[in-house]
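Structural overview for review
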Amino acid sequence: MATHPKTRFTTMDSDEHVGDDYFLSSGDKVRYFFEVDAFDDKGELVTDKTKAINKIGHALHELEPEFRKFSFRQGVKDIMHSLQYKDPRILQSMLIFKASARRRPPPPPAAQLLPQPKIGGTVPPHQDSTFLYTNPPSAVGFWFALEDCTLDNGCMWFLPGSHKTIPVWQRMVRKPTGSGTTFIHLQDPVPDPPESEYVCAPVSVGSLVLIHGAVYHKSGHNYSDKSRWIYTFHCIEGEDAGHTYDERNWLQPTKEMPLAKLYETEA
Ligand code: FE2
């Protein structure tokens, strides 16, 4: 544990997580990323290591037999057929935990009127295609609830209809210098939609949520005693359908692990 990279996962408000090679080279591996609040000022874990993990990614669908079977099964292919994808590829997969472990030490007295803070972090509003960019945009997320996802343990929230009204206006790219990432604008920036317009989407265990790559969504902090485990993977439309996935994306397929063609890959 002492030698494991302390890479923490955040989505939008910092590029700390995507600045390090442990993250950027995880596209063809199974790696572990910590919650933002997992460490104290001295770099010590504030909770048990099994509760400090934010997510595991990003090649579970390739490297873990059970996840491979699950991700490439016929039902997934049928859904992508029904969405009229011609050459879908699975790009990345993740287990996301949004752990419920209490911080140690406990919060100071001034904070005790607020809900007891737990460690599972917030995901700020974003469009998935910002991070999984193709030209034209095509990302679709498969998001499976492995536990009940409630208001208390950090269910997702969506901005209804935003995939039809707000184009993918920025993308995350690797910095030309090599290490780290940054965001580039594809058009004029779109101001953050008001938080009040989001609608919560609690779902029960076993639910599948399909996420359009352009829909604004977010999830809250886990303030509860219950964890909120989910498994998710993303598909993009491939080059046989005329879509381009370029070398500026953070996740780069390798010769050993090209982006698997969904329709041609056996579960
Ligand atoms: Fe997302």
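We now turn to the structure provided with this report. Since we're looking at a predicted model, the values are computed, not measured.

1. A few points about the overall build of the protein chain
Assigned secondary structure in the protein chain consists of 5 helices and 13 strands. Burial analysis of the protein chain (267 residues in total) assigns 49% to the buried set. Partitioning the intrachain contacts of the protein chain with sequence separation of at least 6 by distance along the chain shows that 80% fall at a separation of at least 24. Here the protein chain displays about 13,200 Å² of accessible surface, and carbon together with sulfur accounts for 54% of that area.

2. A short note on unusual backbone geometry
Along the chain, Gly-57 connects to His-58 via a cis peptide bond; the corresponding omega equals 10°. Going from Asn-135 to Pro-136, the amide bond is cis rather than trans, its omega being -5°. Within the fold, Pro-136 resides in the loop between β4 (123-126) and β5 (140-145). One non-glycine residue, Gln-84, adopts positive backbone phi at about 65°. The residue Gln-84 is located in the loop between α4 (74-82) and β3 (88-96) in this model.

3. Here's the deal with α4
Along α4, the residues classified as buried are Val-76, Lys-77 and Met-80. The arc enclosing the buried residues of α4, seen along the axis, measures out at 100°, which places them on a common side. Structurally, α4 contributes buried residues whose contacts are with α3 (65-71), β3, β5 and β12 (230-237). Just past α4, the residue Gln-84 takes up positive phi, approximately 65°.

4. Remarks on empty space enclosed by the protein
With the rule as written, the count across this model stands at 2 cavities of 30 Å³ or more. Quantified by volume, the second largest cavity comes out at close to 70 Å³. Lining the second largest cavity are 14 residues; nearest its centre among them are Gly-27, Leu-91, Met-257, Pro-258 and Leu-259. Class assignment for the residues of the lining of the second largest cavity results in 8 nonpolar, 4 polar and 2 charged.

5. Focus on the sheet that holds strand β6 (residues 156-158)
Taken together, 4 strands build an open sheet; the order of strands is β4-β11-β6-β9 and the sheet is antiparallel. Looking at which strands have only one partner, the edges of the open sheet turn out to be β4 and β9 (199-201). Ignoring strand direction, the axes of neighbouring strands in this sheet form an average angle of 25°. When β6 meets β9, the two strands line up antiparallel, connected through 3 bridges. What sits directly across from Trp-157, in β9, is Cys-200.

6. What about a nonpolar patch on the surface?
On the surface, Leu-83, Leu-208 and Leu-210 cluster together to form a nonpolar patch covering roughly 220 Å² of accessible area. The topology assignment puts Leu-210 in strand β10 (residues 208-212). Look at Leu-210 and you get partly exposed, because its relative accessible area is 39%.

Rules behind the numbers
Residues numbered from 1 in each chain as written. Predicted model: local features only at pLDDT ≥ 70, side-chain atom pairs only at ≥ 80, totals over all residues. Heavy atoms only, no water. Helix = DSSP H or I, 4+ residues; strand = E, 2+ residues; numbered from the N terminus. Buried < 20%, exposed > 50% of the residue type's maximum accessible area, 1.4 Å probe, protein only. Contact = heavy atoms within 4.5 Å. Areas by Shrake-Rupley, 256 points an atom, 1.4 Å probe, with all protein chains shown as cover. Arc of directions from axis to C-beta. 1 Å grid on protein atoms, 1.4 Å probe; cavity = no way out; pocket = protein on both sides within 12 Å on 5 of 7 lines; lining within 4 Å. Points joined across faces, edges and corners; volume = space filled by probe spheres on them. Nonpolar A, V, L, I, M, F, W, Y, C, P; charged D, E, K, R; others polar. Pairing = 2+ DSSP bridges. Axes fitted to C-alpha atoms, helices over the stretch in contact; angles between N-to-C directions. Patch = residues over 30% accessible without salt bridge, like charges linked within 9 Å, V, L, I, M, F, W, Y side chains within 5 Å. Salt bridge = Lys/Arg side-chain N within 4 Å of Asp/Glu carboxyl O.

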